[in-house]
Amino acid sequence: MAHSMDRTIYAARQRKNAVAKGLALAATVFGLGWLVLILGVLIWNGLGGLSLAVFTEMTPPPGQAGGLLNPIVGSLVLTILAVVIGTPIGILAGTYLAEYGKHENISSVIRFINDILLSAPSIVVGLFIYEVMVAPMGHFSGYAGAVALAVIVIPVVVRTTEDMLTLVPNALREAAASIGLPRAHMVIRIAYRAARAGILTGILLAVARISGETAPLLFTALNNQFWSTNLNAPVSSLPVVIFQFALSPYADWQKLAWTGALIITATVLTLSIVARALASSGKSS
Amino acid sequence: MQPAGRSAVTDLALQSNSLSVSEAPSRAKVLVRLRRSDDLFRILTRSAALAVLVILGGVIVSLILGSIPALKAFGLEFPFSQSWNPVTEKFGALAPIYGTLVTSFIAMLIAVPVGLMVAFFLTELCPKWLRRPIAIAIELLAGIPSIIYGIWGLFVFAPFMQEYVQPLLIGAFGNVPVLSSLFAGPPYGIGVLTSALILAIMVLPFITSISRDVFDAVPPVLKEAAYGLGCTTWEVFHRVVLPFTRVGVIGGVMLGLGRALGETMAVTFVIGNAHKVSASLLAPGTTISATIANEFTEAVGDLYTSSLIALGLILFVITFIVLAAARLMLARIEKKIG
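Remember, it's a predicted structure, so these values are computed and weren't measured experimentally.

A. Structural context of the overall build of chain A. Helix and strand counts for chain A come out as 12 helices and 0 strands. Its helices and strands in sequence order give chain A the pattern α-α-α-α-α-α-α-α-α-α-α-α, from N to C terminus. Its C-alpha atoms give chain A a radius of gyration of 25 Å, more than 25% over the compact-globule value 19 Å for 285 residues. Once the C-alpha set of chain A is aligned to its principal axes, its extents read approximately 80 × 65 × 35 Å. Taking all contacts inside chain A whose residues are at least 6 apart in sequence as the whole, residues at least 24 apart take part in 73%. Summing over all exposed atoms, chain A offers an accessible surface of approximately 12,400 Å²; the carbon and sulfur share of this is 69%.

B. Quick look at the pattern of salt bridges. Per the stated rule, a full pass over the model turns up 11 salt bridges over all chains. A salt bridge links A:Arg159 to A:Asp115, with the shortest nitrogen-to-oxygen separation between them at 2.9 Å. Of this pair, A:Arg159 sits in helix H6 (residues 142–167) while A:Asp115 sits in helix H4 (residues 105–118), and the two are 44 residues apart along the sequence. A:Arg159 sits in the partly exposed class, given a relative accessible area of 29%. Two residues, A:Arg276 and B:Glu139, come together in a salt bridge whose shortest N-O distance is 3.0 Å. One end of the pair, A:Arg276, is in helix H12 (residues 251–284); the other, B:Glu139, is in helix H4 (residues 128–143), on a second chain. On the basis of relative accessibility, which here comes to 27%, the residue A:Arg276 falls in the partly exposed class. Classification of B:Glu139 by relative accessible area gives partly exposed; the value is 24%.

C. Summary view of the packing of aromatic side chains. Under the counting rule described, the total for this entry stands at 26 aromatic pairs over all chains. Relative to B:Phe157, the ring of A:Trp34 has its centre 6.0 Å away and its plane inclined at 85 degrees; by these criteria the two rings are edge-to-face. Here B:Phe157 lies in helix H5 (residues 146–173) and A:Trp34 lies in helix H1 (residues 2–47), a pairing that spans two chains. Assessed through its relative accessible area of 5%, B:Phe157 is described here as buried. Consider the rings of B:Trp152 and B:Phe157, whose centres lie 5.3 Å apart with planes at 15 degrees: the pair is stacked. For the pair B:Trp152 and B:Phe157, a shared accessibility class is recorded, and that class is buried. Members of the aromatic cluster, each reached through a chain of ring pairs, are A:Phe30, A:Trp34, B:Trp152, B:Phe157, B:Phe160 and B:Tyr164.

D. Representation of a nonpolar patch on the surface in the model. Where nonpolar side chains cluster on the molecular surface, the patch consists of B:Ile60, B:Val61, B:Ile64, B:Leu65 and B:Ile68 and spans about 400 Å² of accessible area. One can find B:Ile68 in helix H2 (residues 23–74).

E. Region of the structure containing H5(B). The first and last C-alpha atoms of H5(B) sit only 32 Å apart over 28 residues, clearly below the 40 Å expected at 1.5 Å per residue. In H5(B), a bend of some 50 degrees at B:Gly153 exceeds every other bend along the element.

F. Up close: the packing of helix H7 (residues 170–178) of chain A against helix H8 (residues 183–194) of chain A. Residue and element names in this part refer to chain A. At a minimum axis separation of 10 Å, H7 and H8 run at an interaxial angle of 155 degrees. When the axis of H7 is compared with that of H8, the two are roughly antiparallel. In the packing of H7 onto H8, the handedness of the crossing is right-handed. Taken together, the residues of H8 that come into contact with H7 (itself represented by Leu172, Arg173 and Ala176) are Met186, Ile190 and Ala194. Its residues placed into classes, the contact of H7 with H8 shows 5 nonpolar, no polar and 1 charged.

G. Representation of helix H3 (residues 94–125) of chain B within the structure. Residue and element names in this part refer to chain B. The terminal C-alpha atoms of H3 lie 45 Å apart, and with 32 residues this matches the ideal 46 Å at 1.5 Å per residue to within 8%. Of all the bends found along H3, the most pronounced is centred on Ala111 and spans about 25 degrees, while Pro113, a proline, follows it within four residues. Extensive coverage of H3 is indicated by the burial of 24 of its 32 residues.

H. Structural context of the packing of H3(B) against H4(B). Residues and elements named next belong to chain B. Contact geometry of H3 with H4 gives a least axis separation of 10 Å together with a crossing angle of 155 degrees. In terms of orientation, H3 lies roughly antiparallel with respect to H4. The interaxial crossing formed by H3 with H4 has left-handed handedness. Each of Val118, Phe121, Leu122 and Thr123 in H3 lies in contact with H4, whose residues at this interface are Arg131, Ile134, Ala135 and Ile138. For the contact of H3 with H4, the class distribution of residues is 6 nonpolar, 1 polar and 1 charged.

I. Broad picture of the interface of chain B and chain A. With 87 residues of chain B at the contact, the number on the chain A side is 90 residues. Surface buried jointly by chain B and chain A totals about 7,700 Å² across both partners, of which 80% is contributed by carbon and sulfur atoms. Between the two partners, chain B and chain A, sit 3 salt bridges. Between A:Glu104 and B:Arg46 there is a salt bridge, and its shortest N-O distance comes to 3.3 Å. Linking chain B with chain A are 7 residue pairs in polar contact (both at pLDDT 80 or more), by the criterion used here. The element best represented in the side of chain B that touches chain A is H2(B), accounting for 21 residues. In terms of residue class, the side of chain B that touches chain A is made up of 59 nonpolar, 21 polar and 7 charged.

J. Expanded view of the confidence of the model for chain B. Residues and elements named next belong to chain B. Averaged over every residue, the pLDDT of chain B is 88; the share at 70 or more is 93%. Helix H1 (residues 11–15) is the least confidently modelled element of chain B, averaging 50 in pLDDT, while H3 averages 94, the highest of any element. Below a pLDDT of 50 lies the segment residues 1–11, which in the model reaches 21 contacts outside its immediate sequence neighbourhood of four places, other chains included. Note on the complex model: pTM 0.90, ipTM 0.91.

K. Quick peek at the side chain of B:Ser195. Residue and element names in this part refer to chain B. Within the element layout of this structure, Ser195 appears in helix H7 (residues 192–216). Judged by its relative accessible area of 0%, Ser195 falls in the buried class. A distance of 2.7 Å separates a polar side-chain atom of Ser195 from the backbone oxygen of Gly191. Once residues lying within four places of it in the same chain are set aside, the contact partners of Ser195 are Thr103, Val267, Val270 and Ile271.

Cut-offs used in this document
- Residues numbered from 1 in each chain as written.
- Chains lettered and ligands numbered in written order.
- Predicted model: local features only at pLDDT ≥ 70, side-chain atom pairs only at ≥ 80, totals over all residues.
- Heavy atoms only, no water.
- Helix = DSSP H or I, 4+ residues; strand = E, 2+ residues; numbered from the N terminus.
- Rg over C-alpha atoms; globule rule 2.2 N^0.38 Å.
- Contact = heavy atoms within 4.5 Å.
- Areas by Shrake-Rupley, 256 points an atom, 1.4 Å probe, with all protein chains shown as cover.
- Salt bridge = Lys/Arg side-chain N within 4 Å of Asp/Glu carboxyl O.
- Buried < 20%, exposed > 50% of the residue type's maximum accessible area, 1.4 Å probe, protein only.
- Phe/Tyr/Trp six-rings, centres within 6.5 Å; stacked < 30°, edge-to-face > 60°.
- Patch = residues over 30% accessible without salt bridge, like charges linked within 9 Å, V, L, I, M, F, W, Y side chains within 5 Å.
- Expected span 1.5 Å × (residues − 1).
- Bend = angle between axes of the 7 residues up to and from the residue.
- Axes fitted to C-alpha atoms, helices over the stretch in contact; angles between N-to-C directions.
- Parallel < 35°, antiparallel > 145°, perpendicular 65-115°, else oblique.
- Left-handed = near helix turned anticlockwise from the far one by under 90°.
- Nonpolar A, V, L, I, M, F, W, Y, C, P; charged D, E, K, R; others polar.
- Buried area = accessible area lost by both parts, 1.4 Å probe.
- Polar contact = N/O pair within 3.5 Å; in protein donor to acceptor, adjacent residues only side chain to side chain.
- pLDDT = per-residue confidence, 0-100.

Written as structure tokens, this is what we have:
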């Protein structure tokens, strides 16, 4: 009697286990399904519009053929400028957290705040830069856009730099100190060198992050329908153009938006895969 | 490791075989210079680190200063008023706040169980060779920019919802007392439910990757002991892994919630931008971030702009609290696992 009851409990547990396993598998297929679906739709809709003209012609007025040259160049310029502004600050701050102030109270506060900035809503960054740059200057500008993106770059670089410097073995630092190398030289000549791949990974991840950012650019760099290299004026960027074109009623514009979306996604995915490969190669060596 | 610093400081001593008296002052000078550059570098790194705090302070101060006109005009009524009228300049934040909370809540309702199950699959069930590819794919999903989700939502997902899912929901729940008001109205395609579902897809990878990390960190001894007692895989996960990592999982969930609350572009495309609190999930609504994204550049007048900045302030305060709680919890689990 007791024996058969054990059996039913046993069977029930087995069933429950099987159901849970099935659900887990289903959830994974569900999660990956979206990735396939989104990428599939993106390639399907974007590839058709991909041509040389996309990279050589300006954004068109509604109803005409054209390309995405000015937003592509604008995005490149904004991204490069943002990295130039944000990376040094990020690396130096990460250096402080890992090399100088590792155990100071202020460092744990900075670490905590940095982690929050890392996932703070990017649209708030846009509002911040609007208040401190666009409003005082009186006009939208590429500089404001680049600074807004730099604010997003900094926490990413701070985090990876600190993590990577922490991985550098202390024996290296002690060896440097023992031959009388000042601390700054030890950091620059030895710790940076040992953590080079990791720091570069962080920068690449930051670039991947900002190359798709739209919200902070909407009211800093704004948009520009024409060719412009003047960073003191509104600058066109790929994400903002996609936003504008996708919501427009014109079929040509919508098609260009899809193509732009494909370009951005390809860029971001390539960057993150390269960064990942770099990170794993750095670890094994 | 390459030999570091060929022209480094140590050369100084090597260059001169015997340190004569005349060379001593120059050597001292070099040492002073080195000490200065050393201090300079230290100060440089410290100020860069403090810049992180300055950014946070700048965000808070600029948002508060920017929202003063709106808060002065509407006072405490601002977060509780539903009116949003640029013509009469009457603004209230109730509809965007409601939309933000509801879309994020529904998104988490879906993303949390699915994300945990995916993490369960990856850590306990998945064959070893398949683990890395799947984990990378899920993380790629997290890397896709939100505007891509937006354009996909607008052109693919919203029509699909309108055509198939929403009529089904209206048909199924139309005559059920409470649920009928949740699923009332015509199927617009866009709206609160569609936005929430897209948010769920966006947040899923964050929750999965953090829960996977904390599940992986559970000491194998604990799991082995449970298996030794004859537990099934599910029982080990449900009774041992999950309770042990609870704080970390909650931290991960809140990190995802922080993302969902502040997410802008994906929602802006499909929410419909209607300043209305409606019971129906199929109706268009708005969120804080979508309102700012849609209206900020077109806002005429100081009060309008200021009201939008005040919305930004509210959003920042909410996400700051959620993210801070998330980080504190994740720090706790890190300590526990060691």
